[in-house]
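Report on the structure
The lines below spell out each chain.
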Amino acid sequence: MKISQVEELVGITKKNIRFYEDQGLLSPERDPENGYREYSLKDVNELMKIKFLRKLSVPLEDIRRVQEKELSLSMCLEKQSSNLKSEITSLESAIELCDSVKDKNPDYSDFKAEEYLEEMHKIEERGGKFMNVSKTDVKKKKIGALLAAAVFLAMMVAYIIFFLTVSVSDGTPMPLFIVIMFVGIAVIVGCILALRQRLKEIEGGEEDEASKY
């Protein structure tokens, strides 16, 4: 079968099928003449299993371990059942806190969050989970840093291309040409190094470091 037929049979997109192949969860045969993938009923059945497990939010690594018989299907589902029960408990705790605050109907300006944060902390100590604000902030900061660097690098590349065009037409002296080009390249390299450092700082967790004090 072709991938479009498999897509229709299984009910997942071609993009997802390719993704599972890239992750090593699916290995269809290839036509020796043209190298195109040829999917069999075995591949369709495997995708059905993957789809079922992913709909239960089973991690890809656990699916891989099941396929390689490092983990039984029963043990995998028992583990996932425990994870889902933990999530349910956390959601129920969050709902209770929402209702508790809502019932008191406080005004935001007078709202005292300390007691509820303390309650959250106690729930987390018992194994409950709430949104990891630090991770959410880290992701946003990474995106911001990458976008800023991309804009700056695009401007520098445009500047270098413009300078090369002008230099060729105006006959800029070679020593000056080399100096200006060196400066432009040095700025780009510096920007990349600064971006790497910034990403390390964010990943290392400026918030995590601050929380130690």
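Each residue is numbered by its place in its chain's sequence as written, counting from 1. It should be noted that, the model being predicted, local features are given only for residues of pLDDT at least 70 and side-chain atom pairs only at 80 or more, the latter also being counted only at that level, while totals for whole chains, interfaces and linings use all residues. Note that water and hydrogens are dropped before the side-chain values are worked out from all heavy atoms of the structure.

**Observations concerning the overall build of the protein chain**
Looking only at helices and strands, one finds nine helices and two strands in the protein chain. Strands here are runs of E lasting at least two residues and helices are runs of H or I lasting at least four, both read from the DSSP assignment and numbered beginning at the N terminus. Each helix (α) and strand (β) of the protein chain, taken in turn from the N terminus, gives the series α-α-β-β-α-α-α-α-α-α-α. Residues classed as buried in the protein chain amount to 22% of the 213 residues present. It only takes one pair of heavy atoms within 4.5 Å for two residues to be counted as in contact. Taking the intrachain contacts of the protein chain between residues at least 6 apart in sequence as the baseline, contacts between residues at least 24 apart amount to 51%. Any residue under 20% of the maximum accessible area for its type is buried, any over 50% is exposed, and the rest in between are partly exposed; the area is computed with a 1.4 Å probe on protein chains only.

**A few points about unusual backbone geometry**
For Ser 57, which is not glycine, the phi torsion reads 65 degrees and is therefore positive. Here Ser 57 lies in the loop between helix 3 (41-55) and helix 4 (60-67). Despite not being glycine, Asn 105 shows a phi value in the positive range, around 50 degrees. Mapped onto the fold, Asn 105 is located in the loop between helix 5 (73-104) and helix 6 (114-125).

**Here we look at helix 2 (residues 14-22)**
Among the residues of helix 2, Ile 17, Tyr 20 and Glu 21 are the ones counted as buried. The buried residues of helix 2 occupy one face: seen down the axis, they fall within an arc of 105 degrees. Exposed residues lying more than 90 degrees from the buried face of helix 2 are Lys 15 and Asp 22. Elements that come into contact with the buried residues of helix 2 comprise helix 1 (3-10), strand 2 (37-38), helix 3 and helix 4. Looking one or two places after helix 2, you find Gly 24, whose phi comes out positive at around 80 degrees. The reported arc concerns the directions from the helix axis to the C-beta atoms and nothing else.

**Comments concerning the pattern of salt bridges**
By definition here, a salt bridge exists when the distance from a side-chain nitrogen of Lys or Arg to a carboxyl oxygen of Asp or Glu is within 4 Å. One pass over the structure, following the stated rule, counts five salt bridges. Across the pair Glu 61 and Arg 64 runs a salt bridge, and its minimum N-O distance is 2.6 Å. Placement of both Glu 61 and Arg 64 in helix 4 is noted, with a separation of three residues, approximately one turn of the helix. On the basis of relative accessible area, Arg 64 is assigned to the buried category, the value being 17%. Its salt-bridge partner being Arg 65, residue Glu 70 comes within 3.9 Å of it at the nearest N-O pair. With a relative accessible area of 51%, Glu 70 lands in the exposed category.

**A look at the side chain of Glu 21**
For Glu 21, the position within the fold is in helix 2. For Glu 21, a relative accessible area of 12% translates into the label buried. Non-local contacts of Glu 21, meaning those with residues more than four positions away in its chain, are made with Leu 26, Pro 28, Arg 37 and Tyr 39.

**With respect to the nonpolar core**
Proteins that are soluble and globular tend to have nonpolar side chains buried together. Residue types Ala, Val, Leu, Ile, Met, Phe, Trp, Tyr and Cys, when buried and joined through side-chain atoms within 4.5 Å, form a set referred to as a nonpolar core. Within the largest apolar cluster, 19 residues are counted, with the highest numbers of intra-cluster contacts made by Val 6, Ile 17, Tyr 20 and Leu 47. Contributing elements (two or more residues each) for this core: helix 1, helix 2, helix 3 and helix 4. In terms of residue count, the dominant contributor to this core is helix 3 (four residues). Within the second largest apolar cluster, five residues are counted, among which are Met 156, Ile 160, Phe 163 and Ile 188.

**Quick look at a nonpolar patch on the surface**
Exposure above 30% relative accessible area and no salt bridge define the residues that can form patches, which grow by joining like charges within 9 Å and nonpolar side chains of Val, Leu, Ile, Met, Phe, Trp and Tyr within 5 Å. Computed with the Shrake-Rupley method and a 1.4 Å probe, the accessible areas treat only the protein chains shown as cover for residues. Residues Phe 152, Val 179, Phe 182, Val 183 and Val 187 make up a contiguous nonpolar surface patch of roughly 440 Å² in combined accessible area. The biggest single contributor to the nonpolar patch is helix 8 (residues 174-204), with four residues. Along the chain, Val 179 falls in helix 8.

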